[in-house]
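Structural characterization, general
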Amino acid sequence: MGLEQFLKEKGNHIYNYILLFIFVISHSYYTFAEPNLNARNINIAVAYVIISFQIAFLMFKKTPENMRRITRSIGYLFCAVFIIQCIHILYNLQKEETLSDYFKSSTIESLFLVSWIIITILMPYTITLMYNKRLIININKQEEKFSKAFHAAPFVIILSKFSNGKIFEVNKSLETISDYKTEDLIGINSEELNLWGQKGDRQKFLSSLSTNGYVKDNEYVFRKKSGELFPGLITAQIININNEDCIISVINDISNRKKAELNLRNSEATLRELNSTKDKFFSIIAHDLRTPFNGIIGFSQILSQQIKENNYEDIDEYAEIIQTSSEHAMALLSNLMEWSRSQSGQIKFNPQYIDLIALTQTTVELLKTSAEQKQININLNTPANIIIYADKEMIETVLRNIISNALKFTPKNGVITIHAEEKNTEHIISITDNGVGIPQDNLEKLFKIDRSYSTAGTNDESGTGLGLILCKDFIDYHKGKIWVKSEIGKGTSIFFSLPKINHSIR
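Report on the accompanying structure. (Residues numbered from 1 in each chain as written. Predicted model: local features only at pLDDT ≥ 70, side-chain atom pairs only at ≥ 80, totals over all residues. Heavy atoms only, no water.)

Quick look at the sheet that holds strand β2 (residues 167-170)
Pairing is antiparallel across the open sheet formed by five strands, whose spatial order is β2-β1-β5-β4-β3. Among the strands making up the open sheet, the edge pair consists of β2 and β3 (214-223). On average, each strand axis in the sheet is inclined to that of its neighbour by 25 degrees, with strand direction left out of account. Where strand β1 (residues 156-161) meets strand β5 (residues 244-253), six bridges bridge the pair, whose relative direction is antiparallel. Paired with Ser160 across the bridge in β5 is Ile247. Along the sheet, helix α9 (residues 201-212) contacts β3, β4 (229-241) and β5; its crossing angle with β3, the most-contacted strand, is approximately 170 degrees. (Pairing = 2+ DSSP bridges. Helix = DSSP H or I, 4+ residues; strand = E, 2+ residues; numbered from the N terminus. Axes fitted to C-alpha atoms, helices over the stretch in contact; angles between N-to-C directions. Contact = heavy atoms within 4.5 Å.)

Here is the structure:
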């Protein structure tokens, strides 16, 4: 039963209890009722035969294969017991005289006794040897588990002496995280390695460790072998190994966590910007889009009433206001649709070869009526043609919005100049007016939806500030840039650049 527990095997021992009962009864009978030494010897021998057979069977057959090499010696010993006791039984069965006095045993009985003494001496030795082997195996397994866990840990583990800081054991994660090899570290301390990113951190760490006996999740900057710095959390504790104080330190690289925190902050900023964009969008729909329609409806009602009364005075002026409001509403709706498509990613980018100068001339022609109403002269200072690889509709929208803004903020009899030039890697187009200009502190607001800037034109033309924001989005599609120079009372120049033919654009 003890050996079964040692091997973690379970057996049913009810039959052993029955045999033990039979053994006690028969042994008592041949001791007190009818004394017979031969019968008692046979009784004892049969008991040992049964026990030795069970133990030998347990050691050789029921024991797991990986354990048989340490139980083999016990198995052999009980095989010898089995054989000796079988011979002992046969010897006692063939004896003719019946003995009742133990001290009158024969020489052969004495030999059996000697053999049993030898077995009795060998038994504790073999059992002790088996237990020692089992302990060694268990210790080796524990060391193997510790070693695997130690080296498989995804963070750096360092064992060093508290007295001088010399490292005597490190795990393999150190090579992955810090690029140091194990042999680079054994026998030297972290100060010699220049492992700490900032001066004073090591002393601060050791001071805290000495005071409290441990350090938990303190954040420091560490240095790799290459000199690259990385943030890490260090947990350490003073432990005793072979009667010497040592330090076990665990360094967890938190670079990915820091990046995730940065991405989270950026996402938060993006969400705030999107929320501002949404608020601006609804503000445009609720206010700016309603204004021209209010004018259209109001003057339409006046116009309708006067026609019914055959009063044709000022109806041409009313019709002109209705037309202007309608054009403004149409332009605003167009910009809103284009901008919303751009923000949602639904707009299709279809670059093709186009003549920028011809497209500019077409756009100026479309706005000719607005220019003539304010008697503004639009000059084109451009080469005969410039071929670009771009989305025609997007560039046309950019030109229309910028020129429309220039017309809006240029007074009567003003001048607008459109200039285009070719650089080594890009084309630069500028639209310059001699209008009212923009304050310097408002320039940065022109291309941001959450801080858009809009004022009334020289003829009180209204605007939303959405046009330039849409222009920036479209120029970004082309990997270009857009910027503004302005001076109060002198005018504004809006520049945008387009890279030369580049088929890698989006």
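A closer look at the pattern of salt bridges
Considering all chains together, one arrives at eight salt bridges under this definition. The partner of Glu219 in a salt bridge is Lys258, with the nearest N and O atoms 2.9 Å apart. One end of the pair, Glu219, is in strand β3; the other, Lys258, is in helix α10 (residues 255-288), with 39 residues separating them in the sequence. Overall, the relative accessible area of 29% leaves Lys258 in the partly exposed class. (Salt bridge = Lys/Arg side-chain N within 4 Å of Asp/Glu carboxyl O. Buried < 20%, exposed > 50% of the residue type's maximum accessible area, 1.4 Å probe, protein only.)

As for the sheet that holds strand β12 (residues 491-499)
With respect to topology, five strands assemble into an open sheet ordered β7-β9-β10-β12-β11, the strand pairing being mixed. Strands with a single pairing partner mark the edges of an open sheet, and in this sheet they are β7 (377-381) and β11 (481-487). Across the sheet, the mean angle from the axis of one strand to that of its neighbour is 15 degrees, orientation sign disregarded. Of the strand pairs in this sheet, strand β9 (residues 415-422) and strand β10 (residues 426-433) are connected by seven bridges, and their pairing is antiparallel. Looking at the pairing, Glu421 lines up with Ile428 of β10.

A word on the packing of helix α2 (residues 14-33) against helix α3 (residues 37-62)
Two packed helices can be described by the angle between their axes and the distance between those axes. Where α2 meets α3, the axes come as close as 9 Å, and the angle between the chain directions of the two elements is 165 degrees. As judged from the angle between their axes, α2 and α3 are roughly antiparallel. By crossing handedness, the relation of α2 to α3 is classed as left-handed. Taken together, the residues of α3 that come into contact with α2 (itself represented by Tyr15, Asn16, Leu19, Phe23, Ser26, His27, Tyr30 and Thr31) are Ala39, Arg40, Asn43, Ile44, Ala47, Ile50 and Gln54. Grouping the amino acids of the contact of α2 with α3 by side-chain chemistry returns eight nonpolar, six polar and one charged. (Parallel < 35°, antiparallel > 145°, perpendicular 65-115°, else oblique. Left-handed = near helix turned anticlockwise from the far one by under 90°. Nonpolar A, V, L, I, M, F, W, Y, C, P; charged D, E, K, R; others polar.)

Overview of a nonpolar patch on the surface
A surface patch of nonpolar side chains, amounting to about 940 Å² of accessible area, comprises Met1, Ile14, Tyr15, Tyr17, Ile18, Leu19, Phe21, Ile22 and Ile25. Residue placement: Met1 occurs in the segment before α1 (2-6). (Patch = residues over 30% accessible without salt bridge, like charges linked within 9 Å, V, L, I, M, F, W, Y side chains within 5 Å. Areas by Shrake-Rupley, 256 points an atom, 1.4 Å probe, with all protein chains shown as cover.)

Things to note about the nonpolar core
Ranked by internal contacts, the top residues of the largest apolar core, which has 41 residues, are Ile378, Ile402, Ile403, Leu407, Ile431 and Phe496. When contributions to this core are tallied by element, the ones reaching two or more residues are α13 (356-366), β8 (387-391), α15 (392-409), β9, β10, α16 (466-477), β11 and β12. Discounting chain neighbours no more than four positions away, the residues touching Phe496 are Val398, Leu399, Ile402, His427, Ile428, Ile429, Ile431, Ile475, Lys481, Ile482 and Trp483. Val156, Tyr180, Leu185 and Phe222 belong to the second largest nonpolar core, which has 21 residues in total. (Core = buried A, V, L, I, M, F, W, Y, C linked by side-chain atoms within 4.5 Å.)

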